[in-house]
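# Examining the three-dimensional arrangement
For reference, the chains in residue letters:
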Amino acid sequence: MIPNSELEAYFDATKYVIRNGQFVCTCPQCKKPDHLYCSIHTGAFICFKCGYKGKIDTGNVTPAMEGFKDMVSGLELDGDVETSFKEQKNLSLRGSISVAYHPRARNYLIGRGISLEEMKERNIRYFKNRIYFPNKWDSQKFLTDLWVSRGYTQDKNAKRYLFPKNHPTKYFVYNLHNIEKDADYIIITEGVINSIIAGKKSVCIYSKFCSKSQLYQLIEKAPRSYYVALDFDAKKYAYRLAKNLHKETSSDVFLVNFRDDRDVADLGRDQFTEVLLQSIPFENRLRVNLEFF
Ligand SMILES: [Zn+2]
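In this text the structure is predicted, and so the values were computed from the model without any measurement.

If you tally the helices and strands in the protein, you get nine helices and 16 strands. Taking all 293 residues of the protein together, the buried fraction comes to 37%. Relative to all contacts within the protein whose residues are 6 or more apart in sequence, the contacts with residues 24 or more apart total 53%.

The structure is reproduced here in C-alpha cells:
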C-alpha cells in the first residue's frame, strides 16, 4: 500500500480523501477538485475531468521509506554549522519521501542534471520544501548519517543548507564511503550537486575549505590521482588543498581549471569531462602559476 504522504507529495495535494481504496484529490493538471483518483494499492491514477492518467512506480517506495525512518528515528536535525550556512531549526525527517515522487523537487534536480536513477541510487529525499542528500560516515566508534539539504525554492528567507545537529560538516566528506581504497581517482568538489554530476568517484567537502579531518579521510583512500575541482572563486583554497595532498601522499594531484565562473553543474557532465582532461598537474609549479591563477 502506498503511504498517504507519498501520494500527497506526488500530486501536490493539500486536501484529499480515501474512498474505497482510492486516494481522491485535486487534479494537478487541470486543477479540478476531487477528480483525480489513484489506487492506493497499485498506484494507477486517472483524472475524470481531463483524462490525465498514469501509474506511480511503487517498486521500492515503502521499503525505502521504512529503511529511512529507521535510519532517522530519534535523530533531530539542527542547522548549527560553521561557515555561512547557519540555521537554527529542529526538524525530523520522519515522513520524508523519495525525491523522485515529488514533481517540483524532482524537476529541479533534473534541471540541474541529475537523473531519476541517480535520485534513487543516492536515496535523495524530499521533506517540507527541502531536498536532502543522505551521507554515511563510519568510524571505529560509531556509525551515523548526515544530510545536507538544499532549499530548491526561490524563497529568499530559506537558508540553502541544513545539517544534522552535532555533525559539523567539517568532519564529513560526501560519498567518500562509496569509493574503494586505491581507486583510480577521486574528484573533490565543493557541493553535493556538483559531486553527483561529477560522478561516482567524486566527493564533496561542503565548503571551500578542506578541514584536517577531511584531508585525513581523503588521504586514507590513497587513490592513484586526486582531482581538485573546487569552484572558480575558491582558487586559493584549491591550491592549498592540492599542495597538502601532494605533500602528504604519493598520488598524482591535479587542479581542475574552471576558466570562467562556472562550476561542475553549470558545465554539465560532458563539458566537465573535457575540462577535467585539461587539468593541471600540481607538481608542475610553473604551469600552475601560469595557467591556474
Ligand atoms: Zn484533470
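This part covers unusual backbone geometry. Across the chain, the bulk of peptide bonds are trans and the bulk of non-glycine residues have phi less than zero. With a phi close to 65°, K31 is a non-glycine residue in the positive phi region. For N123, which is not glycine, the phi dihedral falls at a positive 50°. Inspection of the secondary structure puts N123 in the loop between α4 (116–121) and β9 (125–127). N123 sits in the partly exposed class, given 17 other C-beta atoms within 10 Å.

Time to look at the sheet that holds strand β13 (residues 202–204). What the five strands build is an open sheet, ordered β13-β12-β14-β15-β16; its pairing is mixed. With partners counted over all chains shown, the strands left at the sheet margins are β13 and β16 (280–281), one partner each. Both strand β15 (residues 252–255) and β16 contribute to a ladder of two bridges, which runs antiparallel. Residue L255 lies in a different strand from β16, and its bridge partner there is I280. Helix α7 (residues 235–248) rests against β12 (185–189), β14 (225–228) and β15 of the sheet, and its axis sits at about 175° to β15.

This brings us to the environment of T249. Inspection of the secondary structure assignment puts T249 in the loop between α7 and β15. Taking the C-alpha atoms as reference points, T249 and E220, 29 residues apart in sequence, are found 9.2 Å from one another. Residues within four places of T249 in sequence aside, it is in contact with I219 and A222.

The next thing to look at is the sheet that holds strand β3 (residues 36–39). Reading across the sheet, the five strands line up as β1-β2-β3-β4-β5 and stay open at both edges, with antiparallel pairing between neighbours. Bordering the open sheet on either side are β1 (16–19) and β5 (53–55), each of which pairs with just one other strand. Averaged over all pairs of adjacent strands, the angle between their axes in this sheet comes to 20°, without regard to strand direction. Bridge count for strand β4 (residues 44–47) against β5 is three bridges, and the pairing is antiparallel. Following the sheet pairing, I46 is matched in β5 by K53.

What follows concerns helix α8 (residues 264–277). A rise of 1.5 Å per residue sets the reference length of α8, with its 14 residues, at 20 Å; its end C-alpha atoms lie only 13 Å apart and thus fall more than 12% short of the reference. Along α8, the helix axis deviates most sharply at D270, where the bend reaches about 90°. Where α8 is buried, its residues meet β12 and α5 (192–198).

A few words now on the nonpolar core. Ranked by size, the top nonpolar core spans 66 residues in total, and within it I188, V228, A229 and F254 carry the most contacts. Per-element tally for this core: the top contributor is α5, with five residues. Setting aside anything within four residues of it in sequence, one finds F254 in contact with S225, Y226, Y227, V228, S279, I280, P281 and F282.

Here β3 shows a clear split, with L36 and C38 buried on one side and none of Y37 and S39 buried on the other. When strand β2 (residues 22–25) meets β3, the two strands line up antiparallel, connected through four bridges. Paired with C25 across the strands is L36, a residue of β3. Bridge count between β3 and β4: three bridges; the pairing is antiparallel. From the neighbouring strand, Y37 faces β4, where its bridge partner is I46. Connecting β3 to the antiparallel partner β4 that follows it, the hairpin turn spans four residues, and G43 within it adopts a positive phi of roughly 85°.

How each quantity is defined
- Residues numbered from 1 in each chain as written.
- Predicted model: local features only at pLDDT ≥ 70, side-chain atom pairs only at ≥ 80, totals over all residues.
- Helix = DSSP H or I, 4+ residues; strand = E, 2+ residues; numbered from the N terminus.
- Buried ≥ 20, exposed ≤ 12 C-beta atoms within 10 Å, placed from the backbone.
- Contact = placed C-beta atoms within 7 Å.
- Pairing = 2+ DSSP bridges.
- Axes fitted to C-alpha atoms, helices over the stretch in contact; angles between N-to-C directions.
- Expected span 1.5 Å × (residues − 1).
- Bend = angle between axes of the 7 residues up to and from the residue.
- Core = buried A, V, L, I, M, F, W, Y, C linked by C-beta atoms within 7 Å.

These figures come from the coordinates and say nothing about function on their own.
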